[in-house]
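Below, each chain spelled out in residue letters.
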Amino acid sequence: MISALYGLASAFGLGAADFMARFSARALGAPLNYAAVLLIGALGTTIWLFAAGTELIWSPLGYAFAVVHGIAVAVMCILLYMGIARGPIAVVVPIVAAHPALVLAVSVLMGVRPSVVQWAAMAVIIAGGVFIARSAVAESDAAEAKNNRVSVLIAIGACLAYVAIVLAAQAATPLIGAPQTMWVGRWTGLVFIAGILLVQRAPIRIPAEWLPFVGLQAGLDTLGYIAFLAGSNSAAPHITMVVASAFSVVAVLLARLIIDEPVSKMQWAAIALIAGGTAVLSAT
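A few points on the structure. (Residues numbered from 1 in each chain as written. Predicted model: local features only at pLDDT ≥ 70, side-chain atom pairs only at ≥ 80, totals over all residues. Heavy atoms only, no water.)

1. Describing the nonpolar core
Cut-off, in case you're wondering: Grouping buried Ala, Val, Leu, Ile, Met, Phe, Trp, Tyr and Cys residues that are joined through side-chain atoms within 4.5 Å yields what is termed a nonpolar core. Type-normalised accessible area, obtained with a 1.4 Å probe on protein chains alone, sets the label of each residue: buried when under 20%, exposed when over 50%, and partly exposed for intermediate values. Starting at the N terminus, helices and strands are each numbered in turn, a helix being any DSSP run of H or I of at least four residues and a strand any DSSP run of E of at least two. It only takes one pair of heavy atoms within 4.5 Å for two residues to be counted as in contact.
Tyr 34, Met 76, Leu 80, Tyr 81 and Ile 193 are the most contacted members of the largest nonpolar core, which totals 69 residues. Top contributing element to this core by residue count: helix α3 (residues 60–86), with ten residues. Excluding residues within four positions of it along the chain, Tyr 81 makes contact with Ala 17, Asp 18, Ala 21, Ala 25, Ala 30, Asn 33, Tyr 34, Val 37 and Gln 217. Ala 66, Ile 176, Trp 183 and Val 184 belong to the second largest nonpolar core, which has six residues in total.

2. Description of a nonpolar patch on the surface
The condition that has to hold: Only residues above 30% relative accessible area that lack a salt bridge enter a patch, with like-charged residues linked at up to 9 Å and the nonpolar side chains Val, Leu, Ile, Met, Phe, Trp and Tyr linked at up to 5 Å. Only the protein chains shown count as covering a residue, and every accessible area follows the Shrake-Rupley method with a 1.4 Å probe. Should a side-chain nitrogen of Lys or Arg be within 4 Å of a carboxyl oxygen of Asp or Glu, the pair is scored as a salt bridge.
On the surface, a nonpolar cluster with roughly 320 Å² of combined accessible area is contributed by Leu 39, Ile 40, Leu 43 and Trp 187. Turning to its location among the elements, Ile 40 is positioned in helix α2 (residues 30–51).

3. A few points about the environment of Ser 264
Within the element layout of this structure, Ser 264 appears in the loop between α11 (247–258) and α12 (265–283). A C-alpha to C-alpha distance of 40 Å links Ser 264 and Ala 172, two positions 92 residues apart in sequence.

4. Quick notes on the side chain of Thr 181
Note the cut-off: Definition of a polar contact: a pair of N or O atoms within 3.5 Å, with one able to donate and the other able to accept a hydrogen when the atoms are protein atoms, and with sequence-neighbouring residues admitted only if both atoms are side-chain atoms.
Along the chain, Thr 181 falls in helix α8 (residues 178–200). Thr 181 sits in the buried class, given a relative accessible area of 2%. Within the structure, Thr 181 has its side chain in polar contact with the backbone oxygen of Gly 177 (distance 2.7 Å). If we ignore the near neighbours within four places in the chain, the residues touching Thr 181 are Ala 66, His 69, Ala 169, Ala 172, Thr 173 and Ile 176.

5. Points about the packing of helix α1 (residues 2–28) against α3
The criterion, for reference: To define axes, lines are fitted to C-alpha atoms, for helices over the stretch in contact only, and angles between the resulting N-to-C directions are given on a 0 to 180 degree scale. Angle categories are assigned with fixed cut-offs, so that under 35 degrees is roughly parallel, over 145 is roughly antiparallel, 65 to 115 is roughly perpendicular, and the rest are oblique. When residues are grouped by polarity, Ala, Val, Leu, Ile, Met, Phe, Trp, Tyr, Cys and Pro land in nonpolar, Asp, Glu, Lys and Arg in charged, and all others, Gly among them, in polar.
Direction vectors running N to C along α1 and α3 enclose 75°, while the axes themselves pass 8 Å from each other. For the element pair α1 / α3, the angle class is roughly perpendicular. Residues Ala 17, Asp 18, Ala 21, Arg 22, Ala 25 and Arg 26 of α1 touch α3, and the partners they reach there are Leu 80, Tyr 81, Ile 84, Ala 85 and Arg 86. Looking at the contact of α1 with α3 residue by residue, the classes come out as seven nonpolar, no polar and four charged.

6. Observations concerning α1
Rule in force here: Here the expected length of a helix is defined as 1.5 Å per residue gap, with one fewer gap than residues. The bend at a residue is defined as the angle formed between two axes, one fitted to the seven residues ending at that residue and one fitted to the seven starting there.
Given a rise of 1.5 Å per residue, 27 residues ought to cover 39 Å, and the 37 Å separating the end C-alpha atoms of α1 matches this to within 8%. The largest bend in α1 is about 40°, located at Arg 22.

7. Regarding the packing of aromatic side chains
Applied cut-off: Ring pairs shown here join Phe, Tyr and Trp side chains whose ring centres sit within 6.5 Å, with only the six-membered ring taken for Trp; geometry is labelled stacked below 30 degrees between planes, edge-to-face above 60, and tilted in between.
In the structure shown here, the tally under the stated rule is six aromatic pairs. Here Phe 23 and Phe 213 contribute two aromatic rings whose centre-to-centre distance is 6.3 Å and whose plane-to-plane angle is 85°, an arrangement assigned as edge-to-face. With Phe 23 in helix α1 and Phe 213 in helix α9 (residues 211–232), the pair connects residues that are 190 residues apart, well separated along the chain.

8. As for the environment of Leu 28
Its location among the elements puts Leu 28 in helix α1. The sequence separation of Leu 28 and Arg 205 amounts to 177 residues, and the corresponding C-alpha distance is 9.0 Å. In contact with Leu 28, other than residues within four places in its own chain, are Asn 33, Ile 206, Pro 207, Trp 210 and Val 214.

9. Considerations on the environment of Ala 161
Within the fold, Ala 161 resides in helix α7 (residues 142–176). Owing to a relative accessible area of 11%, Ala 161 belongs among the buried residues under this scheme. With 82 residues separating them along the chain, Ala 161 and Leu 79 place their C-alpha atoms 8.9 Å apart. For Ala 161, the residues in contact, after removing those within four places along its chain, are Ala 72, Val 75 and Met 76.

Structure (structure tokens):
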């Protein structure tokens with residue numbers, strides 16, 4: 001039961017934070033928006049890490065992988081926020097959520113031999129991604145289709161970055177543990193994004209009226225990650241992973257209910273394929 005609750009908290013936190021980027025990334029720009037989210041998240045992760053009494057482990061190789069993980073997270077989230085700001089959310093978020101299929105494909109190249117069920121799940125996820133990308137163009141007028149093509153390309157870039165996130169975390173975790181990997185990664189990502197903002201010479205200031213909104217967004221994002229980590233160490237971690245994989249469904253549902261974003265039957269079917277395939281991969 002507790003594992004499922006962790007999964008629900010993770011799915012809601014990550015899905016709601018992604019949906020909120022629709023507004024904050026448009027107003028502040030994706031890099032500044034995620035920098036603020038990451039700053040609060042890094043501080044929250046630090047408090048959680050030391051409050052839990054986590055023993056820090058020194059491993060140069062582990063730290064190197066954690067740094068790569070953090071940079072990949074920063075790149076992925078900036079691209080994700082850019083895509084969400086452009087929309088449609090029902091296209092961008094599910095494509096990014098299809099990353100487990102690509103992770104499995106890379107694992108195959110590295111010598112892993114998936115089961116028949118895993119192969120089937122990968123095929124289902126890829127099919128869902130293709131369907132939703134095609135629907136973004138086929139179901140739109142010329143101007144909207146052009147905008148959606150760009151959104152699809154951004155989402156594919158974020159999906160590829162997500163693959164790097166997972167692979168780097170898988171390499172770092174056995175060496176320094178999952179909590180420390182996330183902790184190092186968050187601070188690394190923050191430094192990386194600060195560098196981007198300095199190169200852009202953009203104003204590093206958030207208007208006062210946006211501070212509560214971004215604070216809530218950051219809190220939800222941090223909740224999502226910490227709940228996922230806590231669930232990964234619970235009695236049934238596979239249940240947490242399966243339930244947490246529904247974060248894309250949460251984001252799309254919020255977009256449909258709150259901003260009345262149109263979602264076609266083909267898109268709902270594609271989202272179901274991606275979410276279902278991801279749940280199967282998470283459980284196996």
